[in-house]
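Single-letter residue listing:
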Amino acid sequence: MALLDICNLSVEFATAHGALKAVDGVDLKLDEGEIVAIVGESGSGKSVAMLALMGLLPWTAKVTADRMLFDGQDLLTMSAKQRRKIIGKDISMIFQEPMTSLNPCFSVGHQISEVLAQHFGGSRRSHKARTIELLQQVGIPAAETRLKAYPHQLSGGMCQRVMIAMMIACQPKLLIADEPTTALDVTIQAQILELLVELQQANGMALVLITHDMAVVAETADRVVVQYAGQQVEQRAVKDLFENPRHPYTQALLRALPEHSQGELLNAIPGVVPGQLDRPVGCLFNPRCEHVQEHCRQTPPTRNEDILCHYPLPLAGQKP
Amino acid sequence: MFKFLFKRLLVLVPVFFGVTLVAFGFIRALPGDPVEVLAGERGVTPERHAELMAQLGFDKPMWQQYLSYVGDVLQGDLGTSLITNRPVVEEFFELFPATAELGLCAILFAILLGIPAGIIAAVKRGSFVDQGIMSLSLVGYSMPIFWWGLLLIILFSNTLNLTPVSGRLSFLFDVEPVTGFMLVDTLLSDEEGSFWNALHHLVLPSVVLGTIPLAVIARQTRSAMLEVLSEDYVRTAKAKGLSPVRVIAVHALRNAMITVITVIGLQVAVLLAGAILTETIFGWPGIGKWIIFSVFSRDYFAVQGGLLLIAVSVMAVNLIVDLLYGLINPRILH
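Predicted model only: the values in this text are computed from it and were never measured.

Section: the overall build of chain B
Of the regular secondary structure elements, chain B holds 14 helices and zero strands. Written out in order from the N terminus, the α and β elements of chain B read α-α-α-α-α-α-α-α-α-α-α-α-α-α. Scored against the burial criterion, the 334 residues of chain B give a buried share of 37%. Sequence-distant contacts, at least 24 apart, represent 73% of the contacts inside chain B between residues at least 6 apart.

Details of the overall build of chain A
When its secondary structure is counted, chain A shows twelve helices and 13 strands. On C-alpha atoms alone, chain A measures out to a radius of gyration of 21 Å, which is about the 20 Å that the 2.2 N^0.38 rule sets for 320 residues. With the C-alpha coordinates of chain A rotated into their principal frame, the extents come out at 65 × 50 × 40 Å. The buried share of chain A, taken over its 320 residues, is 43%.

Observations concerning the packing of helix H6 (residues 128-142) of chain B against helix H9 (residues 194-229) of chain B
Residue and element names in this part refer to chain B. Axis separation between H6 and H9 bottoms out at 8 Å; the angle between their running directions is 145 degrees. The element H6 and its partner H9 pack so that their crossing is left-handed. Residues Ile133, Ser137, Gly140 and Tyr141 of H6 form the contact with H9, whose own contacting residues are Thr211, Ile212, Leu214, Ala215, Val216, Ala218 and Arg219. Across the contact of H6 with H9, the residue classes tally to seven nonpolar, three polar and one charged.

Quick word on the pairing of strand S9 (residues 206-211) of chain A
Residue and element names in this part refer to chain A. The buried fraction of S9 is high, at six of six residues. Here S9 shows no split at all, with Ala206, Val208 and Ile210 on one side and Leu207, Leu209 and Thr211 on the other all buried. When strand S3 (residues 35-39) meets S9, the two strands line up parallel, connected through five bridges. Residue Ile35 lies in a different strand from S9, and its bridge partner there is Leu207. Bridging between strand S8 (residues 174-178) and S9 involves five bridges; their strand directions are parallel. Paired with Asp178 across the strands is Ile210, a residue of S9.

Here we look at the environment of Arg288 of chain A
Residues and elements named next belong to chain A. Within the element layout of this structure, Arg288 appears in the loop between helix H11 (248-255) and helix H12 (294-298). Put simply, Arg288 and Val273 are 15 residues apart on the chain and 8.9 Å apart in space, counted from C-alpha to C-alpha. Leaving out residues up to four positions away in the same chain, Arg288 has contacts with Ile269, Pro270 and Gly271.

A closer look at the interface of chain A and chain B
When the parts come together, some accessible area is lost, and that loss is often what is quoted as the size of the interface. Contact residues are listed per partner, giving 24 residues for chain A and 20 residues for chain B. Elements that contribute at least two residues to the side of chain A that touches chain B include exactly helix H2 (80-86), strand S7 (91-94), helix H3 (98-101) and helix H4 (108-120) of chain A. With four residues, H4 of chain A is the largest single contributor of residues to the side of chain A that touches chain B.

So, helix H5 (residues 128-137) of chain A
Thr131, Leu134 and Leu135 of chain A are the residues of H5 of chain A that are buried. The buried residues of H5 of chain A all sit within an arc of 100 degrees when viewed along its axis, so they share a single face.

Some thoughts on unusual backbone geometry
Residues and elements named next belong to chain B. Backbone geometry places Asn85, a non-glycine residue, at a positive phi of 65 degrees. Tracing the backbone through its elements, the reader meets Asn85 in the loop between helix H4 (62-74) and helix H5 (88-123). The exposure class of Asn85 is exposed, given the 7 C-beta atoms found within 10 Å.

Quick notes on the nonpolar core
One finds Ala165, Leu174 and Val208 of chain A to be the most contacted residues of the largest nonpolar core, which totals 91 residues. With eight residues, helix H7 (residues 156-167) of chain A is the largest single contributor of residues to this core. The contact partners of Leu174 of chain A, leaving out residues within four places of it in the chain, are Leu3, Leu4, Leu30, Asp90, Ile91, Met205, Ala206 and Val208 of chain A. Among the nonpolar cores identified, the runner-up in size contains 65 residues, and Ala121, Ala218, Ala252 and Leu271 of chain B belong to it.

A few points about helix H10 (residues 232-239) of chain B
Think of an α-helix as 3.6 residues a turn; residues three or four steps apart then line up on the same face. All names here are of chain B. Counting buried positions along H10 yields six of eight residues, so the element is predominantly enclosed. What H10 keeps buried is the set Tyr233, Arg235, Thr236, Ala237, Lys238 and Ala239. Positive backbone phi, at 85 degrees, marks Gly241, one or two positions downstream of H10.

A look at the pairing of strand S5 (residues 67-70) of chain A
Residues and elements named next belong to chain A. The two faces of S5 differ: Met68 and Phe70 on one face are buried, but Arg67 and Leu69 on the other face are not. Pairing of S5 with strand S6 (residues 73-74), which is carried by two bridges, proceeds in the antiparallel orientation. Within S6, the residue paired with Phe70 across the bridge is Gln73. Hairpin connection of S5 to S6: two residues between the antiparallel strands, including Asp71 at a positive phi of 55 degrees.

Details of the environment of Gln200 of chain A
Residues and elements named next belong to chain A. Position of Gln200 among the secondary structure elements: in helix H8 (residues 186-203). Distance from Gln200 to Gln171, taken between C-alpha atoms, is 10.0 Å for residues 29 residues apart in sequence. The contacts of Gln200, once residues within four sequence positions are left out, are Ile35, Met205 and Leu207.

Some details on the confidence of the model for chain B
Per-residue confidence for chain B gives a mean pLDDT of 86, with 99% of residues at or over 70. Quick note on the complex model: pTM equals 0.83, ipTM equals 0.88.

Focus: the packing of H9 of chain B against helix H11 (residues 244-282) of chain B
If you want to describe how two helices pack, look at the angle between their axes and the distance between the axes. Residues and elements named next belong to chain B. For the pair H9 and H11, interaxial distance at closest approach is 8 Å and the crossing angle is 160 degrees. By the angle class used here, H9 and H11 are roughly antiparallel. Handedness of the crossing formed by H9 with H11: right-handed. Among the residues forming the contact of H9 with H11, the class breakdown is 21 nonpolar, seven polar and no charged.

Describing the environment of Gln118 of chain A
Mapped onto the elements of the fold, Gln118 of chain A is located in helix H4. Taking the C-beta count within 10 Å as the criterion, Gln118 of chain A has 20 such neighbours and is therefore assigned buried. Apart from the residues within four sequence positions on either side, Gln118 of chain A is in contact with Gly88 of chain A together with Lys240, Gly241 and Leu242 of chain B.

Cut-off values and rules
- Every chain begins its residue count from 1, and numbering advances along the sequence as written.
- The lettering of chains begins at A and the numbering of ligands begins at 1, in the order of writing.
- With pLDDT at 70 or above as the cut-off, local features in this predicted model cover only qualifying residues; side-chain atom pairs require 80 or more to be listed or tallied, and sums for whole chains, interfaces and linings still use all residues.
- Every helix listed is a DSSP run of H or I at least four residues long, and every strand listed is a run of E at least two residues long, numbered separately from the N terminus.
- Exposure classification rests on a simple neighbour count of other C-beta atoms within 10 Å of a residue's own: a residue reaching 20 or more is buried, one at 12 or fewer is exposed, and one in between is partly exposed. C-beta atoms are placed from the backbone.
- Contacts here follow a simple rule: the backbone-placed C-beta atoms of the two residues must lie within 7 Å.
- The size measure is the radius of gyration over C-alpha atoms, and the globule rule it meets is 2.2 Å times the number of residues to the 0.38 power.
- Orientation is described by axes fitted as lines to C-alpha atoms, over the contacting stretch for helices, and by angles from 0 to 180 degrees between their N-to-C directions.
- Note on convention: near helix rotated counterclockwise from far helix by under a right angle means a left-handed crossing. Clockwise means right-handed.
- Classification convention: Asp, Glu, Lys, Arg as charged; Ala, Val, Leu, Ile, Met, Phe, Trp, Tyr, Cys, Pro as nonpolar; all other residues, Gly among them, as polar.
- Between any two strands, at least two bridges found by DSSP are needed for them to pair.
- Note that the arc is computed from the directions linking the helix axis to the C-beta atoms.
- Think of a nonpolar core as buried Ala, Val, Leu, Ile, Met, Phe, Trp, Tyr and Cys residues chained together by C-beta atoms that fall within 7 Å.
- Note on scores: pLDDT gives the predictor's confidence for each residue, bounded by 0 and 100.
- For classification purposes, angles smaller than 35 degrees are called roughly parallel, those larger than 145 roughly antiparallel, those between 65 and 115 roughly perpendicular, and all remaining angles oblique.

Shown next, in the form of C-alpha cells:
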C-alpha cells in the first residue's frame, strides 16, 4: 500500500472574478522512503497542492479529490481535530522563507519543544533533551546555548535548520519541503539539501521536494512530477525524464537549463503561465508550445501514461 | 535590560522640563489672578492688589518665577495651595488613589473586553459578528463621555435602580482610608457589605471612562491580529498540528500585542483627560474635580503641581508599557 495516495486533487479559490483553479486534477502516489520532486514555474500550483494536503489553505479555497489517503487513512473525511493529530507528526512541511516562518516572539527551543509537547504530551520542559538532540541532528553548533536564541538572532540558513528540526521532531513518515532553499545563499542551499537527504535516509521518511532547480531534482529525486498551470503534465522516473522528456513543456524546461544554452542566451520559454483570466482553449500549454498543432488549440488533452499531451514526444529510438 | 531602561529614563528628562514649562505658562496665560479670585465680587484696590501679589511673589519677572519654581520642584517642593494653604503634594496624593482606582478599573474593563472583541472580529473577518463589533466600537468611540454617562445613570440608576448615582461609598459605611483604594480599604475594614457597595459605585464610572479606550483597543487588536494572522509563522504553527485556539491565542496574539500594548499606553493619557468629565458627572472625589476647581480659583501652585504630577504618572505608565513591550518583543531586548 502506498504511503500517500492522491487522486484527482483540485483546488479552487473563490475570487472577485469567479473561481480560480489553482490545482487541476493532480494525482500523486508515494511509497515509504521515496523522494519525489514537483517542478514547474511559479504559479503552477505546486505549493497549493501540498498545502491542500496539509489542510493549510485559507477558507476561500475549495479542495476536492476523488481520493486522498495517507497511510490508509482518508484525509478527506476525517475531522479537523483528527487531522491535526497527523499534521506536524506524520506529515510535516518546511516552507520557503525560513526567516518569516519562525515566530519572532518565541525562542527556538520553545518552538521545537512545543511540537513535541503537542504530539507526545508532557510539558515543553520535559522534551528539552530531545530538542537539543534535534538541533544537533540538523547541524546547529552549540545546540544547548541556542535553545534560548530568537529567530532574529539566527541567519537564514540557521533558521531553516531550526525549521527542519521542528518538522522532523516527531519523525514524520512524509516530509514536504516547499522550495526549502530558494530564499538562501547558494553556498547554504547545497548544505540544506544535503541535510534533507541525509535525514530522509536516516529516518526512512518519504520526501516531497517542491523546487525550481532541475539540478537539485537530478541529484536527489527518484521520481519527478512536472506541473503546469495547475495541471500535472508529466510524471516519470528521474533518469527517464532527463534523458527523454515526453511532454513538450518538460522538454522546454530542461532546455532552459544554463548548461544547454547556446552562445550567450539561455533558451527561455516564450510567454508566461496563463492566469485566471487568460486561460487558453484546448491544451493550456498550446500558446507556448513549439510542437503545437491545430488539434491542441481546440481540445484539452487527457492524461495517457502519465503524460498530458495530444502528441507526446517519442521515446528514444522510436519514430514519431 | 538596564541599558534599555536607562535610555528610556534619559528621554524623560527633556519631557519633564517641557511639562514644567507648559504647566507654568498655561495657568498664567489665563486672564485673572489668584488675588482677584479670592477677593471676589467685592474687589480690591490696585495698591492692595499689588501688595498681595508681591507677598505671593508674583511681582517678579516671569523667568525668575519659573526658575524658582523649577528649583523648588527639583527639591521635591511643589508649593502650597493658595486656597487651602496645604501642600500641593499632600492634597494631590489624598485624591489621587480615587482617580487611580477609577482609571485602573476603566482600563481593565477596556482591555478585558476590547482584546477578546478585537480577536473575534479578526478571526471572523467580514462576518456579521465582525461588522457588529466594529460598528459598536465606532459608536463607543464617538460617544461624548458626559452624555454616555448621563444615559447610563438614567437607565441603571434611575429606571432599573441597580447602581448608585454618585460617590464612592454609601454614607452608611464608615471605612478607614488605609490605601486610598476603596475596594482594598473596604476589604480591610470589618464593615459588612461595604465591598459590594464600593463595587456598585465603581461600575458605571468605570464603564463610562473605559468606553473610548475599549473602542480603540478593540479596533487596534483587530487590525493587528488581521496582519499577524496572514504571517508565515501562523501557517507554521498550524502546520505543527496545534489547535486553532493555541495558534490564535499564543502564536498570533503575542505578536499582535506588540502594537496593542503601545496603544494601551497611549490610552492612559486619554483616560486621565476623560477622568475630569467622568468625575464631575459621578461626583467622584478625584484629581479631575480638584484640578478643575484649582483652575477656576487660579490656584497657580495647585495647577502647576497637579499637572506636573499627572504628567509624571502618565510618563510612569508609558515607561512600564515600554518595558512590557521589551518583554513581549524579544527583538528589543535581545
